[in-house]
Amino acid sequence: MKPALGTWFGLFATTLAAGTAAMTIGYGLSFLEAKTASERDEIIRIRTQAAADAITRALGDKWERLQYVAEEFPSSTTERARGMIDTMVGDGHRVPWAGFASAGGVVAMSSEPTAEGRDVTERAWFASGMQGPFAGELRDARFLNTLLGGSTANPVRVVELAVPVGEISAPQGVLALIVRQDWLDDFVTELGESLKIDLFVLARDGSGLLSSGGDLALDSTLPSVRAAATGEAVSVRETWPDGEEYDVSVVPSMHWGDMPDFGWRILGRMDADAPMGRQVAGDSGLPWLGGLLAFALALSVLFQLIFVRPFGRLASFADELAEKGADGAPYPPHENTTRESTQLSAALSRLDRH
């Protein structure tokens, strides 16, 4: 027995719907994969930029305070000047030392009294500070290493900030402060934990200065590290020496107001398989694709009910009419869903009456 028209149509409609759904799902998944990769790039870039802004803001606060004190210094009494220096240091956790060196290169006022009277003419912060605003790279605190608890084998590392006091053409001296590296280390670690990324602060040559995990040994052959060394902003996926794959973003400059540029770059790294804070399936569009398939199947069923079934009933009546004759056949069905079914129904009715 040959299959009915409805059977053939059902198979055709189901195959068409399934094929359409499969192609749509395939396209949708490809689109979602590209969309997810784009979202991850954007997320790691935004988080890395946020970390760069937070670090420069923390240092920028100290810089702005230093500038304010430098402006007030010439007109202040000795007592007030000392009070402002002590205020810049605070509890000493971030800023362990601040002081003023006269134009002759001798420390005239210091938050650490034992440093007063020292010759600092060869210190970078003094020599550069006499020429204009200065922000030094992270370096050993040779001037105050012993006073800060460091040793020759394990020196304290600091960032130096300095500004001239008085007219730049003939400064009265230099006002300076230093920021501890160990505080910066803690700050970067906290940032990495809160942003859920690994952070690396790099020098101009691409060497590591600070990191949220304490590891400063970076592979200079990595595309991201090379980009950081050349000052290029990139977002890439790459395999690191530990064999793991990461999404990495590089912010090539870190600025805050008129604070001199340290030349630092920051690199943010996130596990390639790390969740982005929400399930991708929630935005995958799979419910929409499922709805499309359901709609296609419903449309095929509706087509069968409206168009195919009437022809099936007419075919059954024609078969019975041919077998039993006009006297034995029942009254023909009246179908009017389409012009063709109406014509066929009328023709069978005329045959039935003869």
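Residues numbered from 1 in each chain as written. Predicted model: local features only at pLDDT ≥ 70, side-chain atom pairs only at ≥ 80, totals over all residues. Heavy atoms only, no water.

## Here we look at the overall build of the protein
The test is simple: Counting from the N terminus, the helices are DSSP H or I runs at least four residues long and the strands are E runs at least two residues long. Between buried and exposed lies partly exposed: a residue is buried under 20% and exposed over 50% of the maximum accessible area for its type, with that area taken using a 1.4 Å probe on protein chains only. We call two residues contacting when some pair of their heavy atoms lies within 4.5 Å. Per-residue accessibility takes into account occlusion by the displayed protein chains alone, with areas from the Shrake-Rupley method and a 1.4 Å probe.
Helix and strand counts for the protein come out as seven helices and 11 strands. By the burial criterion, 42% of the 354 residues in the protein qualify as buried. Here the contacts in the protein between residues at least 6 apart in sequence split such that 56% fall between residues at least 24 apart. By element, 55% of the accessible surface of the protein is carried by carbon and sulfur atoms, the whole surface being about 19,100 Å².

## Focus: the pattern of salt bridges
Here the idea is simple: oppositely charged side chains can pair when their charged atoms come close. The line we're drawing: The term salt bridge refers to a pairing of a side-chain nitrogen on Lys or Arg with a carboxyl oxygen on Asp or Glu at a separation within 4 Å.
Across all of its chains, the model carries 10 salt bridges by this definition. Ionic pairing is found between D247 and R40, a salt bridge with its closest N-O pair at 2.7 Å. Pair noted here: D247 is in strand β10 (residues 245–251) and R40 is in helix α1 (residues 5–72), with a separation of 207 residues, a long-range link. Like R40, D247 is buried. With its nearest N and O atoms 3.0 Å apart, the salt bridge here joins R180 to D182.

## Digging into the pairing of strand β5 (residues 157–165)
Applied cut-off: By this definition, two strands are paired if DSSP reports at least two bridges between them.
Of all nine residues in β5, eight are buried, a share of seventy percent or more. Taken together, the two bridges between strand β3 (residues 134–135) and β5 define a ladder with antiparallel strand orientation. By the bridge assignment, F134 is partnered in β5 with A162. As paired elements, strand β4 (residues 139–140) and β5 share two bridges and run antiparallel to each other. Following the sheet pairing, D140 is matched in β5 by R157. Where β5 meets strand β6 (residues 173–180), eight bridges bridge the pair, whose relative direction is antiparallel. Looking at the pairing, A162 lines up with A176 of β6.

## Focus: helix α2 (residues 78–89)
Rules: By this rule the span expected of a helix is its residue count minus one, scaled by 1.5 Å. By definition, the arc is the one covered by directions from the helix axis to the C-beta atoms.
Between its terminal C-alpha atoms α2 stretches 17 Å, which fits the 16 Å expected from 12 residues at 1.5 Å a residue. For α2, the complete set of buried residues consists of A81, M84, I85, M88 and V89. Viewed end-on, α2 has its buried residues packed into an arc of 145°, placing them on one side of the element. Two residues or fewer past α2, G90 is found with a positive phi of approximately 60°.

## Concerning a negative patch on the surface
For clarity, the threshold we go by: Residues qualify for a patch when their relative accessible area is over 30% and they have no salt bridge, like charges being joined within 9 Å and the nonpolar side chains of Val, Leu, Ile, Met, Phe, Trp and Tyr within 5 Å. Charged residues are defined narrowly, with Lys and Arg counted positive, Asp and Glu counted negative, and His plus the chain ends left uncounted. Charge positions are represented by NZ for Lys, CZ for Arg, CG for Asp and CD for Glu.
On the surface, a cluster of negative charge is made up of D242, E244, E245, D271 and D273. By relative accessible area, D242 is classed as partly exposed at 45%.

## Quick word on the packing of aromatic side chains
Operational definition: Within 6.5 Å between ring centres, the rings of Phe, Tyr and Trp (the latter by its six-membered ring) count as paired, and their orientation is classed by plane angle as stacked under 30 degrees, edge-to-face over 60, tilted in between. For a ring to carry a charge above it, either NZ of a lysine or CZ of an arginine must fall within 6 Å of the ring centroid while also lying within 35 degrees of the normal to the ring plane.
Within this structure, the stated rule accounts for seven aromatic pairs. With a centroid separation of 5.8 Å and 55° between ring planes, the pair formed by W97 and W125 is classed as tilted. Placement of the pair is W97 in strand β1 (residues 97–102) and W125 in helix α3 (residues 124–129), with a sequence separation of 28 residues. Assessed through its relative accessible area of 2%, W97 is described here as buried. Cluster of aromatic residues (ring-pair linked, three or more members): W97, W125 and F126. It is R269 that lies over the ring of W240; its NZ or CZ is 4.6 Å from the centre.

## Digging into the pairing of strand β9 (residues 234–239)
When β9 meets β10, the two strands line up antiparallel, connected through six bridges. Looking across to β10, one finds that E238 is bridged to Y246. Joining the antiparallel neighbours β9 and β10 is a turn of five residues, in which G243 adopts a positive phi near 85°.

## Describing the environment of S110
Definition in use: Under the rule applied, a polar contact is a pair of N or O atoms within 3.5 Å (in protein, one hydrogen donor and one hydrogen acceptor; residues adjacent in sequence only if both atoms are side-chain atoms).
Among the secondary structure elements, S110 is positioned in strand β2 (residues 107–110). What makes S110 buried here is its relative accessible area of 6%. Polar side-chain contacts of S110 include one of 2.6 Å to the side chain of W97.

## Thoughts on the confidence of the model for the protein
Put simply, the test is: pLDDT is a per-residue confidence score from the predictor, ranging from 0 to 100.
For the protein, mean pLDDT is 81; residues scoring 70 or higher make up 67% of the total. Within the model, pLDDT remains below 50 along residues 31–35, and this stretch shows two contacts once partners closer than five positions in the same chain are excluded. Residue range residues 278–284 is modelled with pLDDT below 50. Its contacts to residues more than four positions away, or to other chains, number five contacts.

## Concerning the environment of E160
Note on placement: E160 falls in strand β5. Taking the relative accessible area as the measure of exposure, E160 reaches 8% and is therefore buried. Taking the C-alpha atoms as reference, E160 lies 9.9 Å from F126; in sequence the two are 34 residues apart. In this view, E160 contacts W125, F134, A135, G136, R139, L177 and I178; residues no more than four positions away in its chain are not counted.

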